[in-house]
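Residue-level listing of the chains:
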Amino acid sequence: MHGHAVVRVAPARYVEAATLLRDDSDLAFDYIEFLTAVDWRPKGGGFEVVLHVASTVHNHHCRLKVDCDAGAPHCPTVSHLWPGANWHERETWELFGIVFDGHPHLVKLVLPEQFEGHPLRKDFVLMSRVAKPWPGAAEGEEEEEE
Amino acid sequence: MDTERERALFSSQSEAWMLRGGGIDLVVDDGLRTEEMLLNIGPQHPSTHGVLRVVLELDGERIVRAEPVIGYMHRAAEKLAEFRDPLQVMVLMNRHDWISAFNNEIGWVLAVETMLGIEVPERAQWIRTMLAEWNRILNHLMFCGSYPLELGAMTPVFYAFREREMIQALLESTTGARMHHSFARIGGLKDDLPRGFVRQSREVLAWVRAKMGEFEDLVMGNEIIHARTRNVGVLPPGVAVAYGCSGPVLQASGVPMDPRRDEPYLKYGEVEFDVPVGTNGDSYDRLWVLVQRIYESCRIIEQCLDKLPPGPFVAPKLPKKIKIPAGEVYVRTENPLGLMGYYVVGDGGEAPYRLKMRTASFSNVSVIPELLRGALVPDLVSVLGSVFFVVGDVDR
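Throughout this description, residue numbers start from 1 for each chain and increase along the sequence as written. Key to labels: chains lettered from A, ligands numbered from 1, both in the order written. This being a predicted model, a pLDDT of at least 70 is required before a residue's local features are given, and a value of 80 or more before pairs of side-chain atoms are given or counted; all residues contribute to the totals for chains, interfaces and linings. As a convention, hydrogens and water are excluded, and side-chain values are obtained from all of the structure's heavy atoms.

1. What to know about the overall build of chain B
As a reminder of what qualifies: What counts as a helix is a DSSP run of H or I of at least four residues, what counts as a strand is a run of E of at least two, and both are numbered from the N terminus. A simple rule labels every residue: compare its accessible area, found with a 1.4 Å probe on the protein chains alone, to the largest value its type can have, and call it buried under 20%, exposed over 50%, or partly exposed in between. The contact definition used throughout considers only heavy atoms, calling two residues in contact when any of these lie within 4.5 Å. Methods summary: accessible areas were calculated by the Shrake-Rupley approach with a probe of 1.4 Å, and residue burial reflects only the protein chains presented. In this tally, Lys and Arg are treated as positive and Asp and Glu as negative; His is ignored, and so are the chain termini. A single reference atom marks each charge: NZ on Lys, CZ on Arg, CG on Asp, CD on Glu.
What chain B contains, in helices and strands, is 17 helices and eight strands. Each principal axis of the C-alpha atoms in chain B carries an extent, and together these give about 95 × 50 × 35 Å. By the burial criterion, 58% of the 396 residues in chain B qualify as buried. A sequence separation of at least 24 residues applies to 72% of the contacts in chain B between residues at least 6 apart. Only carbon and sulfur atoms are counted for the fraction: they give 56% of the accessible area of chain B, which is about 15,500 Å². Distance between charge centroids for chain B: 8 Å, based on 43 positive and 52 negative side chains.

Structure follows, in structure tokens:
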């Protein structure tokens, strides 16, 4: 998509696919760009873990997508393949509540320790937006354009 | 616990300690013992450019383990973006890394333009390229000045900020703002260049080039800088790549990755420039790469000034309300501090359904434990400073 390959894999074969991507000499995806998730629950789906890797040798890109359960999302870790994935998985875990099985150190990264909830889930309410619908909009301007 | 065992051992020897100097020979059973100590650096520390905390486990002067603690500046930009339209998101996006504001915003507008298939006029693309490079010089000058300051040299920062001020004036004349320009728009720019910009640019460019030579002599040839940075914080290329480092940190380790050259966006495919790479991957090389990148940016700006075509600065017939279509895009740009990526997922609404910001500093800071393992405490500042990060860019 837009010059980058997008591959969807089953959770059970995710680590296998990632290992192949990294170790095959024609693929050689040695560089981790990011790992994140998308909450598709309002659209009737579950969580989707997105891993974007690149190759500094061949200069090509690949996005791996893994579908996770909507209720209790679990996903295998890839932090042993790319150490850089460690922090990305910790961040995704605290912001989405997706448990990365086998992760060596799954503790809060950017949120305070006492924080409850997973802020990037779609059902986590952004309080300021509830209290005030659209700050900065002039009175009546929104309705005119609709 | 290990430490308890060591403490007990220590007290059993206390009699021998008291007798020291009393003329008896001390028999030490198993060598000299040291206790490991936890030391907290930050969150407020001059070398951290914001609020980064590092917890160190020390064995004497040597760092056994270092753990960066981030999140003190987490502002949930990704969540906020899910409630804002593209223009409002742009205002958020140029704030996470506050000294490369223009580079941040073009990454975001490029992502939206790619999704919508908007063709941006030539002139706007050239101006964007040029302003992005001016902003890159601003950022690099900041670090070129502050890094020697952290090492104890007071003067370079004044020289660096003199040039910075000239470029700030140039950008202020164009965008009207000193820090958060918000000058890019979906489909082009807010405005055309002001009258006299090209002439003034050339003057500032010549000045910056001349003064950078002076700066290089002062700092890069300085004996103290050499002593403090050579072979300190060596990052092997394999480790840098596996952690997803980018920008000067990666290039100093000898990996010439640069989205401007690998996947040219804007007008980077039509200008000539080199990607400087270091050889050792130590702190000195990281600073050296930074200085070389300023020269390369000067080259790009010069070519932009020569090739700047006339024409409109914003695309005609833009939709009045910009809606982000269903689908996804990942746009990578080279920010001053490294690879900046925007992963945008749309669902047809005004706000992005999901926006992931892949920031350079986040990955660069995650490699700090590797860099500090086995280093000495006095080298800590030299290593931390040379990773060149902005805490807002780490936490987002």
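Next, the rest of the story.
2. A few points about the pattern of salt bridges
Quick note on the threshold: We define a salt bridge as a contact between a side-chain nitrogen of Lys or Arg and a carboxyl oxygen of Asp or Glu at a distance within 4 Å.
Taken as a whole and assessed by the stated rule, the structure comprises 39 salt bridges over all chains. Across the salt bridge formed by A:Arg90 and B:Glu67, the nearest N and O atoms sit 3.6 Å from each other. With one member in each of two chains, A:Arg90 in helix α2 (residues 85-96) and B:Glu67 in strand β3 (residues 62-69) form a pair that bridges those chains. By relative accessible area, A:Arg90 is classed as buried at 5%. Across the pair B:Arg354 and B:Glu78 runs a salt bridge, and its minimum N-O distance is 3.2 Å. Taken together, the positions of B:Arg354 in strand β8 (residues 354-358) and B:Glu78 in helix α3 (residues 77-81) put the pair 276 residues apart, joining distant regions of the chain. Given the relative accessible area of 2%, B:Arg354 is considered buried. Assessed through its relative accessible area of 6%, B:Glu78 is described here as buried. One continuous salt-bridge network, built from bridges that share partners, spans A:Glu91, B:Glu78, B:Arg354, B:Lys356 and B:Arg396.

3. Some points on the domain arrangement of chain B
Cut-off, in case you're wondering: Where each domain starts and ends follows an automatic or database-derived domain assignment.
Structurally, chain B comprises domain 1 (1-33) and domain 2 (85-370 + 381-395). Summarising the inter-unit geometry, the C-alpha centres of domain 1 of chain B and domain 2 of chain B are found 56 Å apart.

4. Examining the interface of chain A and chain B
Applicable threshold: Note on terms: buried area is the combined drop in 1.4 Å-probe accessible area of two parts once they are placed together, counting the loss on both. Under this definition, polar contacts are N or O atom pairs within 3.5 Å; protein pairs additionally need one hydrogen-donor-capable and one acceptor-capable atom, and for neighbouring residues in sequence, both atoms have to be side-chain atoms.
Listed as interface residues are 47 residues of chain A and, on the opposing side, 44 residues of chain B. Counting each side, the surface lost to burial between chain A and chain B is near 4,000 Å², with a carbon and sulfur contribution of 57%. Where chain A touches chain B, the interface holds eight salt bridges. The shortest N-O distance in the salt bridge between B:Glu328 and A:Arg63 comes to 2.8 Å. For the pair chain A and chain B, the number of links is 22 residue pairs in polar contact (both at pLDDT 80 or more). Elements represented by at least two residues in the side of chain A that touches chain B include exactly β2 (31-39), β3 (47-54), β4 (61-68), α2 and α4 (141-145) of chain A.

5. Regarding α2(A)
Residues and elements named next belong to chain A. Basically, it comes down to this: The length a helix should cover is 1.5 Å for every residue beyond the first.
Under the 1.5 Å per step criterion, the end-to-end length of α2 is 16 Å for twelve residues, consistent within 8% with the ideal 16 Å. Across the twelve residues of α2, eleven count as buried, placing the element largely inside the fold. Within α2, burial applies to Ala 85, Asn 86, Trp 87, His 88, Glu 89, Arg 90, Glu 91, Thr 92, Glu 94, Leu 95 and Phe 96. Looking one or two places after α2, you find Gly 97, whose phi comes out positive at around 75°.

6. Some details on the environment of B:Leu189
All names here are of chain B. With respect to the helices and strands, the residue Leu 189 is situated in strand β5 (residues 188-189). A C-alpha to C-alpha distance of 9.3 Å links Leu 189 and Val 120, two positions 69 residues apart in sequence. If we skip the residues at most four places from it in the chain, Leu 189 touches Phe 102, Ala 124, Ile 127, Arg 128, Phe 183, Ala 184, Phe 313 and Val 314.

7. Some words on unusual backbone geometry
What you tend to see is this: most non-glycine residues have negative phi, and most peptide bonds are trans. Residue and element names in this part refer to chain B. A positive phi angle, near 50°, is found at Phe 388, a position not held by glycine. Looking at the element boundaries, Phe 388 is found in the loop between α16 (380-386) and α17 (391-395). Of note, the phi angle at Arg 396 is positive, near 60°, even though the residue is not glycine. Secondary-structure assignment places Arg 396 in the segment after α17.

8. Points about the sheet that holds β3(A)
All names here are of chain A. Put simply, the test is: For two strands to count as paired, DSSP must find a minimum of two bridges between them. The axes used here are C-alpha line fits, helices contributing only the stretch in contact, and every angle between their N-to-C directions lies in the interval 0 to 180 degrees.
One open sheet holds the four strands; their spatial order is β1-β4-β3-β2, and the pairing between them is mixed. Taken across any chain shown, the strands that pair with only one partner, and hence form the sheet edges, are β1 (5-9) and β2. Across the sheet, the mean angle separating the axes of adjacent strands is 20° when strand polarity is ignored. Pairing analysis gives five bridges linking β1 to β4, with the strands arranged parallel. Across the sheet, residue Val 9 finds its bridge partner in β4, namely Val 66. Helix α1 (residues 14-23) contacts β1, β2, β3 and β4 of the sheet and is inclined by roughly 170° relative to β4. Where α2 meets the sheet, its contacts fall on β2 and β3, and the angle it forms with β2 comes to roughly 10°.

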